[in-house]
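Structure assessment
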Amino acid sequence: MLKNKQELRDLRERCQRAAQDEVKKILVCAGTGCVASGSLEVYERFQIEMQEKGIPCSVEFMSDVHGVGLKKSGCHGLCEMSVMLRIEPEGYIYTKVKPEDCAEILTETIQQGRHVERLAYTKNGLVCKTQDEIPFYKKQKRVVLEHCGRIDATSLLEYLSVGGYTAFEKALFDMDKEGIVREISESNLRGRGGGGFKTGQKWSQVSRQKENKKYVVCNGDEGDPGAFMDCSIMEGDPHRMLEGMMIAGLACGSDEAYIYVRAEYPLAVSRLKTAISQAEKYGILGDHILGSDFNFHIHINKGAGAFVCGEGSALTASIEGKRGMPRVKPPRTVEHGLFNKPTVLNNVETFANVPVIIDKGASYFLGIGPGNSPGTKAFSITGTIANTGLIEVPMGTTLQEVIFEVGGGLKGGSKFKAVQIGGPSGACLTEEHFNLPLDFDSLKKVGAMIGSGGLVVADENTCMVEIARFFMSFTQKESCGKCVPCREGTKRMLKILERIVAGDGRDGDIDLLLDLAGTITATALCGLGKTAPSPVISTIRSFRHEYEAHIYEKRCPAHSCEKLKRLSINPETCKGCSKCSKVCPVEAISGKVKTPFEINSEKCIRCGACVEACKFDAVTEGW
Amino acid sequence: MSNNGTMVIDGLTVEIGDEKNLLELIRKAGTELPTLCYASELSIHGACRMCMVENERGGLDAACSEPPRAGMEIRTNTERLRKYRKNILELLLANHCRDCTTCGNSGHCKLQDLAIRFNIDRVRFVNMALDPKPDNSSLCITKDENKCILCGNCVRMCSEIQDVGAIDFAFRGSKMKVTTAFNIPIGESNCIGCGQCATVCPTGAIVVRDNTEAVWRELGDKNAEVTVQIAPAVRVALGKEFGLKEGENSMGLIVSALRRMGFHKIFDTSTAADLTVLEESRELQNRLKEKHDFPLFTSCCPAWVNHCEKRYPELMANVSTCRSPMQMFASVIKEQYCNSSKRQVHVAIMPCTAKKFEAARNEFKTDERPNVNYVLTTQEVIRMIKGSGLIFSNLEPEAVDSPFGLMTGSGVIFGVTGGVTEAVLRDISSDRSNSGLNKIAFIGVRGMTGVKEAQVTVGEREVKIAVVSGLGNADRVIEALKSGCKKYDFVEIMACPGGCVCGAGQPYIPAELKIDRAKGLYSVDKLTSIKRSGENPLVDLLYNGLLKNKSHQLLHVSYTSAGKESHI
Amino acid sequence: MDTYIDYQKVDGIIEAHHGQPSAIIAILQEIQEQYRYIPRQVFPHLSRRIGLSEASLYSVTTFYENFSLEQKGKIVFKVCDGTACHVRKSLPILERLRKELSLSEEKITTDDLEFTVETVACLGACGLSPVLTINGKVYPAMTPDKASELLKSLKEEVRSC
């Protein structure tokens, strides 16, 4: 239990010294992706091998055992390459590690300092030994993810060893409420959860409220399918986020906080629980923190499977034990939020940005990215991209840089078609947006939004109507059902999209979609409802011809929609035996015996009877 | 004069008063803004999105949730808004049964009304409406989830105002519906039949259970003699539908209409209310003597009795043993005509849906036949009058039949919250002067407030009284009693906010107009020559005649859980 | 087939949350952990103890995807249908599992209560898409065939127990 500022400082110094003394370290990634690929088995194998080889192994930081550090770290980001691990002090990155590789790593790298080339990341024959050499990391700037993959995510002491809780210490002892709010306001930090609302403004509004009880709430309900930045922060560097929340508590005069985490992130929940109990143990959380008058308690609420709970008022309703249905505003959350009290509600990444601003000052933060959207942004890039994973780049990095330099271009060298940004609330960007800087305002100008930061890359084989249908089916499934435009409107939009991809689109469907989209955007109750039609609007804007091809020509230009497959007879292989025309239930096949037959695709119902009947494999499916 | 400043609505400068939201101000300014989920007595739901208005920056605000601010400039009927509203209506109609002519709420349906107002002449979406699926398990209401537009008014009424919680939203998104726990039939749930959900339902999804056809059949049966009693609250609510003013007493016209429709004997429930007053006064005075700690609760309201049985069985001993006026009258009538050669049928016209359930209780049966054979609500009687073709306003008022033709002002004010208490106080007060009556009227028992408190001296003792309407308020009062925060000797509870005048069987009335019906009853009271129940000469006759040695048997009841039918 | 309910255990869960209505979601989660679903019989009990109507408990329970009012299988497959998995063809995996167990979107659990197949929102393992989980353990880079094999070995395990 740390009793005052000095004790915290002393402990931190001890941790820092211990970290320097730790000559050799193996950091096994224990993020969701790597765990799924077996990183825990790798970790255990290291323990066994080290014991067998007589290599002293220190699992716990600052324990009595002085030996090679073996740690579970947060996500490195390049999940495609999992299991990943990092060896210090060399900084070697090994990829796709299997338990059977452990012995070699120990004898070669740990004992003899040699690099194991076959485990290194290679790109175009180039071997990348360290992280800096991997092109994926070159354009990145890791601020929020600074410690992810570099420290043991389950150790408060390791967090201290990299300067953890310095910002909190400064805020608690050297700054007043106004000072903290001013620093955050000056940094121009904007909420990373979607809308990009100014964090400083939010804090100052809550800070001004006269109520005695106020809450800090962290939105960890990262529901956008294909986004996992917040997950990685909670798993990989939980203390950083807690520190941000504690500073918010100081700034706003709150003594109680809730973290709402998606149920699909069990690992994040357990890491946060560990982090909170450690902080409580050391007296960094609790009553009279470090001997001061500041009390702060953090609870964790596990979601129960509702995307809409990512919306602020739905999230607070869910914490209150109710249906997660957004409510009308005003009153706003800053005045009447959780349990009807003034509430600061920010997302994980926003809170994780706070310590660095307080520690290094607003000017440092303003030095990264454009002035109106400073700092970095974590994105997850998925889809048909070479380097699937988690990245962090300065705001304002262009789409081109993200896709081709960081992301490594498209998988298998296929042709870029579009990138969906911002998940089900977002829009698609195309080649014309390659030079568009990714920041709040630039994206807004083209009708897109950063959302929580999911980037889904689509290549020429991806049907954009189908993508729109996919997002609409997601939104429809996740609609809370409260307001009419979202509940009924998205249902109808989905029906229309479904019939278009099934080849049953009708003349006028595009206009009907746009008409509904307009009404929903203007009248839906919550932000998620208002933005639900965005994927449709933007795909119609950029890919209207694909919609038209589906509707008028019953053709899927991306050759993706199953229902639009056509059957045809190859005149080369057809012997003209007429068997196909006899089995056809709708008389769609005609021809003269002994000459190639033909299928009338207007009549054809794609039952496949002809395919089975043909002895010469002349009937084929295709677009 | 308020000094909240002014704002501009459709070019018109409007003074901002104490309106909570733009919607109320817009309506005050004379525009009937469309909405499907707004009811002033309920919390703001903001789900139908019909009340969106355009602000000076071209943005949209939901008028129901946006507070008026000085300097605001809004438009309520722009091209854009019309388009959105039409689209929203079209979306609702695409899922909604459109067999309006056979719907129980046709003519009173807000969705129908708005579809007409917005000239919806086509629906561009595939019709996904499901066939009507009425849940007739309750004797009081009919619920049809396939006619529900999910405005949530009933849910908020049932939980916020009535604190019953029989229904709630279930599931989400397009699968969402309003239902009981596990979708059990409403009649088997903890619903108490107050019917308040039906009063706020904008469509035909929850309507009052209809018994008119059965009553028409009885009227046509030559072997039946149909007697009818009319509750006090009915007379000030029925006339509006036929062009009278809200709250105007139309008792004479109702009697006239019923007689023409073929009812044989027509009586006024107020007469029996006088008996209730006397019996209840006696019970209170006995209790005061015996120094019971917990109060005496009134028992006139069947929804409250039902609620008490379900939620506070331990308090049933505190509920008055008096039968409700309807049941007292039914016993008396049964006794009076027991030797008649014709089959006796007794109908009660009530402002109340729960009375339908009360009538079916075993406690109120004689030889397994209910004393009240049919309960018709005001709404149903309106339907019958219309069906009969009578031109209501052209009728000549007529008087009720003897031998039960006399009633007092006390019996009439039973229909409004505080009325029972006021009548009991008139009876037990030692001050028999007119000013004594006035004093009682102003000790705090009148008015539409949900919980009213009063204190009177009876003999040596200060009697503490609470007058409660709305079951949510009842729960709060009981909570306070249980925790010891409050002490009362007498508590009047009416399930419907405002009392019987606002019963769910009455035609719909916005909360702010409810007071007109109350005023109507008080003015009837003013015009009656006898004010105190004990001074009704008929009462004396009854006690010395028909009720002699039978008053306890005929006028009191002991509620048992076995008395209830299996469900409401 | 009613599940046996140990009401002492249920009360323990309620008390750990001080019977707070605001903790109802956590309480339901813990009950579900206990029984793999939320048995209908606990509703009246919960309603009395927590002071929420049964209708409102039902309301909360049915709002959240993760609560099940029906018994689930001992082995639960969850196929991720997040964007990344969808683009990398997770649907055929789901279809294969359903086909092999004769299940559908409506019928998610086998009659012998051994297997349940359902979808799950993005698990955050997009780098390994498409993924599925079996009783919480994530299996990366799935294909319909790999899923079939997993199912086959699990079926054998079930049979041998």
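Nothing here was measured: the structure is a model prediction, and the numbers come from that model. (Residues numbered from 1 in each chain as written. Chains lettered and ligands numbered in written order. Predicted model: local features only at pLDDT ≥ 70, side-chain atom pairs only at ≥ 80, totals over all residues. Heavy atoms only, no water.)

1. A look at the side chain of S320(B)
Residue and element names in this part refer to chain B.
- Inspection of the secondary structure puts S320 in the loop between α9 (302–311) and α10 (325–336).
- Polar side-chain contacts of S320 include one of 3.0 Å to the backbone nitrogen of C322.
- Excluding residues within four positions of it along the chain, S320 makes contact with E280, E283, L296, F297, T298 and S299. (Helix = DSSP H or I, 4+ residues; strand = E, 2+ residues; numbered from the N terminus. Polar contact = N/O pair within 3.5 Å; in protein donor to acceptor, adjacent residues only side chain to side chain. Contact = heavy atoms within 4.5 Å.)

2. Quick look at empty space enclosed by the protein
- One pass over the full model with this rule turns up 12 cavities of 30 Å³ or more.
- As a volume, the largest cavity reaches approximately 280 Å³.
- Contributing to the lining of the largest cavity are 26 residues, with C300(B), M350(B), P351(B), K355(B) and C500(B) lying nearest its centre.
- Counting only elements with at least two residues in the lining of the largest cavity, the list comes to α8 (269–290), α9, α10 and α11 (354–360) of chain B.
- Taken together, the residues of the lining of the largest cavity break down into 21 nonpolar, four polar and one charged.
- There is about 180 Å³ of room inside the second largest cavity.
- Taken together, 20 residues line the second largest cavity, and the ones lying closest to its centre are S479(A), C486(A), C526(A), L528(A) and G529(A).
- When grouped by side-chain class, the residues that make up the lining of the second largest cavity number 12 nonpolar, six polar and two charged.
- Looking at which domains feed residues into the lining of the second largest cavity, each of domain 2 (164–366) and domain 4 (464–552) of chain A supplies at least three. (1 Å grid on protein atoms, 1.4 Å probe; cavity = no way out; pocket = protein on both sides within 12 Å on 5 of 7 lines; lining within 4 Å. Points joined across faces, edges and corners; volume = space filled by probe spheres on them. Nonpolar A, V, L, I, M, F, W, Y, C, P; charged D, E, K, R; others polar. Domains from an automatic or database assignment.)

3. Examining the sheet that holds strand β4 (residues 137–139) of chain C
Residue and element names in this part refer to chain C.
- The strand order β2-β1-β3-β4 describes an open sheet built from four strands, whose pairing is mixed. Of all the strands in the sheet, just β2 (115–120) and β4 have a single pairing partner and so form its edges. Between one strand axis and the next, the sheet turns through 25 degrees on average, direction left out of account. (Pairing = 2+ DSSP bridges. Axes fitted to C-alpha atoms, helices over the stretch in contact; angles between N-to-C directions.)

4. Concerning the interface of chain B and chain A
- Between chain B and chain A, the residue contacts involve 32 residues of the former and 34 residues of the latter.
- Taking both sides of the interface into account, the surface hidden between chain B and chain A amounts to around 2800 Å²; carbon and sulfur atoms contribute 59%.
- Contact with chain A buries surface across chain B, with R49(B), L91(B) and R172(B) losing the most and accounting together for 22% of the total.
- Along the contact surface separating chain B from chain A lie three salt bridges.
- Across the salt bridge formed by K83(B) and D515(A), the nearest N and O atoms sit 4.0 Å from each other.
- Listing elements by their share of the side of chain B that touches chain A, those giving two or more residues are α2 (79–94) and β8 (168–170) of chain B. (Buried area = accessible area lost by both parts, 1.4 Å probe. Salt bridge = Lys/Arg side-chain N within 4 Å of Asp/Glu carboxyl O.)

5. Focus on the domain arrangement of chain B
Residues and elements named next belong to chain B.
- Per the domain assignment, the segments making up chain B are domain 1 (6–77), domain 2 (102–108 + 118–208) and domain 3 (221–563).
- Relative to domain 3, the C-alpha centre of domain 2 lies at a distance of 29 Å.
- The partner domain 3 presents 27 residues to the 18 residues of domain 2 that form the contact.
- For the pair domain 2 and domain 3, the summed buried area comes to about 1700 Å², and 55% of that belongs to carbon and sulfur atoms.
- Area buried by domain 2 at its contact with domain 3 is led by L139, I192 and V208, which between them contribute 34% of it.
- Where R311 meets D163, a salt bridge forms, and the shortest distance between an N and an O atom there is 3.3 Å.
- Of the residues in the side of domain 2 that touches domain 3, the class split is eight nonpolar, nine polar and one charged.

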